[in-house]
Amino acid sequence: MKYRLWLGDYDNDLHLSKDFFKSFLSCKNDNPVPSEAFEVAKKKISNYYEELRKVAIEVAEKEVEKELKREDRYVVMLLKALDELIESINILEEKYRDLVEIKNSGVVESLNRSINDLKKLRKEIEKEIEDIMLKIAPNLSEVAGVKLGARLIEKAGSLEKLATLPASTIQVIGAEKSLFKAISRMKKGKKARVPKHGIIFQHPFIRTLPKRKRGKMARFLASKIAIAARVDYFSGELKEDMIEEVRHRYERIARS
Amino acid sequence: MKELQDLKEISHNIYKAVYNNKEILLTKSSYPPYYGERKFDNLREWIPSRSKLSAVLLKGYNLKFRGDEKLLYLGAASGTTVSHISDILDKGIIYAVEYSAKPFSKFLELSKMRKNIIPIFADASKPENYSGIVEKVDFIYQDIAQKNQIDIFIKNSNFFLKENGEGIIMVKARSIDSTEDPEVVFNEVLKELRKRFKVLAFNTLEPFHSDHIFVHVKVLK
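Residues numbered from 1 in each chain as written. Chains lettered and ligands numbered in written order. Predicted model: local features only at pLDDT ≥ 70, side-chain atom pairs only at ≥ 80, totals over all residues. Heavy atoms only, no water.

Enquirer: Which parts of the structure should I look at to understand the sheet that holds strand S2 (residues 14-19) of chain B?
Expert: Hydrogen bonds between backbone groups are what pair the strands of a sheet, and the pairing can be parallel or antiparallel. Residue and element names in this part refer to chain B. The sheet built from five strands is open, its strands ordered S1-S2-S3-S5-S4 with antiparallel pairing. Both outer strands of the open sheet, strand S1 (5-11) and strand S4 (39-40), are each paired with one neighbouring strand and no more. Where S1 lies against S2, four bridges are found, and the strand directions are antiparallel. For Ser 11, the partnering residue across the bridge sits in S2 and is Ile 14. (Pairing = 2+ DSSP bridges. Helix = DSSP H or I, 4+ residues; strand = E, 2+ residues; numbered from the N terminus.)

Now the structure itself:
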């Protein structure tokens, strides 16, 4: 039986690897490694723990940095900043309107200028989110729209997580409160109304339908979003017929 | 400045004292404060609302450490609890696993300072991925708020726990089933654990953490 340790391969004897950093990252074993293997390793190199710690810290530093720099995290953080920004703009504008009515002084003027600057910044951020979304999640952006797509990634935590969510969960993301309320009512044997849609309600194809048709469309759209997210995460190529399918379905539901 | 009163060592490097008419827990440490806790000479206060293990000990359940154990810590987060365990096991080794990048980057700062911590950036639900790094350990400490936290513990103990090894699991009812009554969830958990381990003790963490219990287990012979 051969085992892979962080510092080399073990089969009754330890063969040190040339690059500890490489072997550290690929020391996967399907079965537990016998403790003799580690005993041998500790004898093979002096200051075993010191060396292990050095490699572990260096590897972890690189991995964490990679993880923190991921583009979907960038989008999520941008989106959060954008939310704050929009809120601030609204508050400031309200205050500006009050102020202008009282007195149009120099300070009030520069407040107005600053608000306009913030609005410009808002456009910039929106543009940046759009650019990156089209790069990292073209299908999701196509099917759900850039804004909703980014919002779904934010709520799920990452593109990876969104790609592993079932369509039924995606359908009710953002409606957790009413969903769990409904579930706990059902457990008690009472009647419950399960939400039809969470934030995907923002999608124009759902929003514009009459109430009784929204559930059906939400179900369909959520399943397509789930597929789109998976395609984006695993292959990244654009599948053009997906949005056509959605539009088709929308028109059929709208007409029926 | 008030003084510590009734200072006594309850386990290796762990102290209890009365300060300001309140019982507090401390660990012996030559390192500076890490998360905003108070420091009295060479003792660092161990805040129960920040660390569940401190809550366990403050509630009167005593864990005996020798100080040279090897410990696997699952769910290190930003390293608040690990910093104290690192104080306690001053001659031991702590393998600390965490999968969330943000807290891990803070935890890395701690690992660089302390010579007995080996940080592992990996998913605790896939122990096979770090099976070539972690040797057999005396103790597994797990604090992971995941739905399958019991599975994770069992998997890891199969891989890494010594024959007479022990473990502590912090079970959060809300993350296993948010709609079920916590009592019911805890009973399920205990039933599951009893299939494979001897349950030495369990208790709630009230008033420090609500809807949590700790379970102390030992490998069945």
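The discussion continues.
Enquirer: Any chance you could explain helix H6 (residues 182-194) of chain B here in plain terms?
Expert: Residue pairs spaced three or four apart in an α-helix point in one direction, given the helix's 3.6 residues per turn. If you check H6(B), its first and last C-alpha atoms are 18 Å apart, about what 13 residues at 1.5 Å a residue would give, namely 18 Å. Contact partners of the buried residues in H6(B): helix H4 (149-160), strand S10 (161-172), helix H5 (173-176), strand S11 (197-204) and strand S12 (212-219) of chain B. (Expected span 1.5 Å × (residues − 1). Contact = heavy atoms within 4.5 Å.)

Enquirer: What is the right way to look at the nonpolar core in this model?
Expert: Considering soluble globular proteins, one finds that nonpolar side chains tend to be buried as a cluster. Within the largest apolar cluster, 55 residues are counted, with the highest numbers of intra-cluster contacts made by A:Trp6 and B:Tyr130. Apart from the residues lying within four places of it in its own chain, the contact partners of A:Trp6 are A:Phe20, A:Ser23, A:Phe24, A:Cys27, A:Ile45, A:Tyr48, A:Glu51, A:Leu52, A:Val55, B:Gly132 and B:Ile133. In terms of nonpolar packing, the next biggest core, distinct from the first, is built from 47 residues, A:Tyr96, A:Ala150, A:Ala218 and A:Ala228 among them. (Core = buried A, V, L, I, M, F, W, Y, C linked by side-chain atoms within 4.5 Å. Buried < 20%, exposed > 50% of the residue type's maximum accessible area, 1.4 Å probe, protein only.)

Enquirer: I would appreciate a short explanation of the pairing of strand S7 (residues 93-98) of chain B in the present structure.
Expert: Within a regular strand, the side chains alternate between the two sheet faces. All names here are of chain B. With six of six residues buried, S7 is to be regarded as a mostly interior element. Neither face of S7 is open: one carries Ile 93, Tyr 95 and Val 97, the other Ile 94, Ala 96 and Glu 98, and all of them are buried. The pairing of strand S6 (residues 70-74) with S7 spans five bridges and is parallel. What sits directly across from Leu 74, in S7, is Val 97. Once the chain exits S6 it traverses helix H2 (residues 80-88) before rejoining the sheet at S7, and the crossover so formed is right-handed. (Right-handed = clockwise from strand over helix to strand, strands pointing away.)

Enquirer: I keep staring at the packing of helix H4 (residues 71-102) of chain A against helix H7 (residues 146-156) of chain A and nothing clicks. Help me out?
Expert: In a pair of packed helices, the angle between the axes and the distance between the axes together describe the arrangement. All names here are of chain A. The interhelical angle for the contact between H4 and H7, taken along N-to-C directions, is 105°, at an axis separation of 9 Å. In terms of their interaxial angle, H4 and H7 are classed as roughly perpendicular. Contacts between H4 and H7 involve Asp 72, Val 75, Val 76, Leu 79, Lys 80 and Asp 83 from the first element and Ala 150, Arg 151, Ile 153 and Glu 154 from the second. Considering only residue class, the contact of H4 with H7 consists of five nonpolar, no polar and five charged. (Axes fitted to C-alpha atoms, helices over the stretch in contact; angles between N-to-C directions. Parallel < 35°, antiparallel > 145°, perpendicular 65-115°, else oblique. Nonpolar A, V, L, I, M, F, W, Y, C, P; charged D, E, K, R; others polar.)

Enquirer: Can you walk me through the environment of B:Ala96 in this structure?
Expert: All names here are of chain B. Structurally, Ala 96 is set in strand S7. The spacing of Ala 96 and Leu 53 is 43 residues in sequence and 15 Å in space, taken between C-alpha atoms. When near neighbours in sequence (up to four residues on either side) are disregarded, Ala 96 contacts Tyr 73, Ala 76, Phe 107, Ile 117, Ile 118, Pro 119 and Ile 120.

Enquirer: What am I meant to see in the domain arrangement of chain B here?
Expert: Residue and element names in this part refer to chain B. The domain boundaries assigned to chain B delineate domain 1 (5-47) and domain 2 (70-219). The gap between the C-alpha centroids of domain 1 and domain 2 is 23 Å. At the junction of the two partners, domain 1 supplies twelve residues and domain 2 supplies 16 residues. Each partner contributes to the roughly 1,200 Å² buried at the junction of domain 1 and domain 2, and carbon and sulfur atoms together form 58% of this total. Looking only at domain 1, the three residues that lose the most surface to domain 2 are Tyr 31, Tyr 34 and Trp 46, adding up to 51% of its buried area. The tally of links between domain 1 and domain 2 comes to one salt bridge. (Domains from an automatic or database assignment. Buried area = accessible area lost by both parts, 1.4 Å probe. Salt bridge = Lys/Arg side-chain N within 4 Å of Asp/Glu carboxyl O.)

Enquirer: Please clarify how the sheet that holds S6(B) should be interpreted in this entry.
Expert: Residue and element names in this part refer to chain B. Read across the sheet, seven strands follow the order S8-S7-S6-S9-S10-S12-S11 without closing on themselves; strand pairing throughout is mixed. If you trace the sheet from one side to the other, it starts and ends with strand S8 (117-121) and S11, each paired once. Direction aside, neighbouring strands of the sheet carry axes that sit 15° apart on average. Bridging between S10 and S12 involves seven bridges; their strand directions are antiparallel. Each bridged residue has a counterpart across the sheet, and for Gly 167 the counterpart in S12 is Val 217. Helix H3 (residues 101-113) rests against S7 and S8 of the sheet, and its axis sits at about 160° to S8. Packing against the sheet, H6 makes contact with S10, S11 and S12, and its axis sits at approximately 160° to S11.

Enquirer: Would you explain the pattern of salt bridges in this entry?
Expert: Should their charged atoms come close, side chains of opposite charge can pair. Residue and element names in this part refer to chain B. Per the stated rule, a full pass over the model turns up 32 salt bridges over all chains. When the shortest N-O distance is used, the salt bridge between Asp 90 and Lys 91 registers 3.9 Å. Lys 91 gets classed as exposed once you look at its relative accessible area, which sits at 61%. Among the salt bridges present, the one from Glu 192 reaches Lys 195, with a minimum N-O distance of 3.5 Å. Because the salt bridges share partners, they merge into one network encompassing Glu 37, Arg 44, Asp 87 and Arg 114.

Enquirer: What is the right way to read the interface of chain B and chain A from this model?
Expert: By a widespread convention, an interface's size corresponds to the accessible area lost as its parts come together. Taken together, the contact between chain B and chain A spans 31 residues of the former and 31 residues of the latter. Taken over both partners, the interface formed by chain B and chain A buries close to 2,500 Å², and the fraction arising from carbon and sulfur atoms is 65%. Of all residues in chain B, B:Gly132, B:Ile133 and B:Thr179 bury the most surface against chain A, accounting for 20% of the area lost on that side. Counting the contacts that link chain B with chain A gives four salt bridges. Between B:Glu135 and A:Lys42 there is a salt bridge whose closest N-O contact spans 2.6 Å. Where chain B touches chain A, the interface holds 13 residue pairs in polar contact (both at pLDDT 80 or more). Going through the elements one at a time, S7, H3, S8 and H4 of chain B are the ones with two or more residues in the side of chain B that touches chain A. With eight residues, the top contributor of residues to the side of chain B that touches chain A is H3(B). In terms of residue class, the side of chain B that touches chain A is made up of 13 nonpolar, eight polar and ten charged. (Polar contact = N/O pair within 3.5 Å; in protein donor to acceptor, adjacent residues only side chain to side chain.)

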